[in-house]
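Below are the chains, spelled out letter by letter.
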Amino acid sequence: MAPQDWVALAVAISTLIGSFGLMVRWLVKHYLSELKPDGNGGHNLEGRLTRLETRVDQIYMLLSNRD
């Protein structure tokens, strides 16, 4: 193989590795963005869990007061 072929192979491999790394970075960023606090009424995962916990607590209170 000529030096030009080696350079082309190295560029191709580095492009594939770089694009894979960027893809993983994008996925991690967007999956973890669900865990960040938001100021728009709890539309992310943490806000949903908080609302569910509040509802479950209310259900427990209703059931414990039921005699």
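Quantities reported herein were computed from a predicted structural model and do not represent experimental measurements.

Peer 1: Help me out: how do you make sense of the overall build of the protein in this one?
Peer 2: Looking only at helices and strands, the protein has two helices and zero strands in total. Classification of the 67 residues of the protein by burial places 4% in the buried group. Approximately 6,300 Å² of the protein is accessible, and the part contributed by carbon and sulfur atoms is 68%.

Peer 1: Would you take a moment to explain a nonpolar patch on the surface for this structure?
Peer 2: Taken together, the side chains of Phe-20, Met-23, Val-24, Trp-26, Leu-27, Val-28, Tyr-31, Leu-32, Leu-35, Leu-45, Leu-49 and Leu-52 define a hydrophobic patch exposed on the protein surface, amounting to about 1,200 Å² of accessible area. When residues of the nonpolar patch are traced back to their parent elements, those giving at least two are helix 1 (3-32) and helix 2 (45-64). Among the elements that line the nonpolar patch, the one with the most residues is helix 1, at eight residues. Position of Leu-45 relative to the elements: it lies in helix 2.

Peer 1: Hey, could you run me through the environment of Leu-32 in this one?
Peer 2: Among the structural elements, Leu-32 can be located in helix 1. On the basis of relative accessible area, Leu-32 is assigned to the partly exposed category, the value being 48%. C-alpha of Leu-32 to C-alpha of Leu-45: the two residues are 13 residues apart in sequence and 9.9 Å apart in space.

About the criteria used
- Residues numbered from 1 in each chain as written.
- Predicted model: local features only at pLDDT ≥ 70, side-chain atom pairs only at ≥ 80, totals over all residues.
- Heavy atoms only, no water.
- Helix = DSSP H or I, 4+ residues; strand = E, 2+ residues; numbered from the N terminus.
- Buried < 20%, exposed > 50% of the residue type's maximum accessible area, 1.4 Å probe, protein only.
- Areas by Shrake-Rupley, 256 points an atom, 1.4 Å probe, with all protein chains shown as cover.
- Patch = residues over 30% accessible without salt bridge, like charges linked within 9 Å, V, L, I, M, F, W, Y side chains within 5 Å.
- Salt bridge = Lys/Arg side-chain N within 4 Å of Asp/Glu carboxyl O.

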